[in-house]
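A structural walkthrough
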Amino acid sequence: MNLAELLRRTARVHPERPALFHGEQLLCDYRALGRRAACVGGFLRHRLGMAPGDRVAIWMSNVPEYLEVLYGAWFAGLIVVPMNSKLHWKEASFILQDSGAAILFASEHMADALAPHFAQDKTVKAVFVPGTNGYTAMYRTEPLSEPLFRAMDDVAWLFYTSGTTGRPKGVMDTHGNLLTMIACYFMDVDATQAGDGLAYAAPMSHASGMLNFPHVIAGARHIVPASGGFESGELLELAAHHRNVSLFAAPTMVKRLVDYIEHDGGDASGFKTIVYGGGPMYGEDIRQALRVMGNRFCQIYGQGESPMTITALGRHHLQDSLHPRYAQRITSVGVAQTLVELRVCDPAGRPVAVDESGEVVVRGPSVMKGYWNNPEATANTIRDGWLFTGDVGSLDEDGFLTLKDRSKDVIISGGSNIYPREVEEVLLRHPQVHEVSVVGRKHQEWGEVVVAFVVSKNGGAMDAAELDSLCLQNIARFKRPKEYRFVEALPKSNYGKVLKTELRKLMAE
Ligand code: AMP
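Residues take numbers from 1 onward in each chain, read along the sequence in its written order. It should be noted that, the model being predicted, local features are given only for residues of pLDDT at least 70 and side-chain atom pairs only at 80 or more, the latter also being counted only at that level, while totals for whole chains, interfaces and linings use all residues. Excluded from the side-chain calculations are hydrogens and water; all other atoms, namely the structure's heavy atoms, are used.

A look at the site of the ligand
Selection rule: We define proximity as follows: a residue is near a molecule or strand when any one of its heavy atoms falls within 4 Å of that partner. Counted as a polar contact is a pair of N or O atoms within 3.5 Å, where, for protein atoms, one must be capable of donating a hydrogen and the other of accepting one, and residues adjacent in sequence contribute only when both atoms are in side chains. To measure how exposed things are, a 1.4 Å probe is used in the Shrake-Rupley method; for residues, cover is taken only from the protein chains shown. Segments assigned H or I by DSSP are reported as helices when at least four residues long, segments assigned E as strands when at least two residues long, and all are numbered from the N terminus. Residue classes follow a fixed rule: Ala, Val, Leu, Ile, Met, Phe, Trp, Tyr, Cys and Pro count as nonpolar, while Asp, Glu, Lys and Arg count as charged, and any other residue, Gly among them, counts as polar.
The environment of the ligand is formed by 16 residues, the closest being I300, Q303, G304, D391 and R406. The backbone of G304 places a nitrogen or oxygen atom 2.9 Å from an oxygen atom of the ligand. Interatomic distance of 2.9 Å between a side-chain N/O atom of K497 and an oxygen atom of the ligand. When the free accessible area of the ligand is taken as 500 Å², the share hidden by the protein chains comes to 88%. Among the elements of the structure, β13 (297–303) and β21 (401–406) are those that each provide at least two residues to the shell around the ligand. Of all the elements, β13 adds the most residues to the shell around the ligand, at five residues. When its residues are assigned to classes, the shell around the ligand shows five nonpolar, eight polar and three charged.

Looking at the sheet that holds strand β25 (residues 447–456)
This is how it is decided: Here, any two strands with at least 2 DSSP bridges between them count as paired. Think of each axis as a best-fit line through the C-alpha atoms, taken over the contacting stretch in the case of a helix, with angles from 0 to 180 degrees between the N-to-C directions.
The strand order β24-β25-β26 describes an open sheet built from three strands, whose pairing is mixed. With one partner strand each, in any of the chains shown, β24 (433–443) and β26 (483–486) form the two edges of the open sheet. The average angle at which neighbouring strand axes cross in this sheet is 25°, direction not considered. Note: β25 against β26, four bridges, orientation parallel. In the sheet register, V454 faces β26, and the bridge partner there is F486.

Thoughts on unusual backbone geometry
Here is the rule we go by: Using a 1.4 Å probe on the protein chains alone, a residue whose accessible area is under 20% of its type maximum counts as buried, one over 50% counts as exposed, and one in between counts as partly exposed.
Positive phi outside glycine occurs at N244, with the angle close to 50°. Turning to its location among the elements, N244 is positioned in the loop between α10 (232–242) and β11 (245–249). On the accessibility criterion, N244 (38% relative accessible area) is partly exposed. With phi around 70°, D355 is a residue other than glycine that occupies positive phi space. Note on placement: D355 falls in the loop between β16 (341–345) and β17 (358–363).

Structure follows, in structure tokens:
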């Protein structure tokens, strides 16, 4: 089944429902949104002659046109290649060539950044920029009467991994993978319904955009903030205006919003569900979030290779504060989502004992078809039907998964494994610590030693000796940072992930 059927159905059943907003301003109802997507599909298919399976790249910031382009491409049976709007043009160019995308939808400044290089890059045949005449002409094309048929294992979403090691790889997510994700969302995350709104505050090329599906199915509102990004004050105003507003946020974004409300005030009652994930949520931070904003949170853990669908920590777990293992549970990523199987394995692929650490592996209909044009990487990553996630974690007796770190982030000092997350959780207990990230630095004698990058609250001075004694009180001596670097901010991607690679570079300088 083609994902575009979801929009087509709501557009027919609830044509009059308000669909798309730019801030507080209503742009169109579902009838119009469905028609626009069908027109974009008609244009791609009949005017540009694109065939099912051809690639269409989207390099746009969060703009209202995002959804019609996405569904338009699917109407025509095409594969969408979403690109992070903050990429360097060289990275974007690599993705365009690797995916062989013939058509690019780009925001103006991205199109400008790429324009000088199109002479060498023969892949892209045409670029469309929302808001220009060349783009709006599509609305006057004959709409496709229905989406082209797509089978469950046809690719829908070719998502390039951030590629912290080597070149980014194209993850082939199928219509079936994303339909599984949607089913799990309703079962494990939130029962989206009419009257709800979804604010696209985080980049639509990633998890935030993926939340569109349950909201399309429910005929709910899609709200693109006027700023196009994550601005706490604006989000609060949008939530107060629209009510029942959900959003996806990386934990670092949740922290910004919560700090904002705590310091500047604001009414959180307009928010329905804040879905967080994509990076570690620390115990101190989720406690603060629950205290300041109430029980409106749900965590998901996934990766491009099993999009949004590995585990979930639902609001019932986050609110169950009397449970004897509550403290441990809120720093976990929850339990396997309904349609997937989850294990933690040793390097030979054998399940390890309860509470033992190993690699997280997952099996089920959410697991990608493979990497684009890369059978070798696919064979390394999917073995006997199990996706090897590269994440290290442990399962407790109730099936709650606690993530330690990406295996590449684990610090090995004097032959012992140190999980940065464990050290970070301890340092965050210091009342003056705002944010922290721990990485390994090469060391002749120990192999690696622990270095902590610390951001203090309100830029105040901090005493390394105090942090050291906090560590001594809570973790083994060998896990203590040997060096503290006090910095103004941590480097982050626009998906909100702390960039440990950048911190390692800083150390090398
Ligand atoms: P991406 O494919 O860019 O979405 O990145 C996926 C990676 O982000 C995962 O393999 C994890 O390392 C990390 N990640 C995703 N969700 C969580 C979460 N809830 N808690 C901690 N790390 C996460």
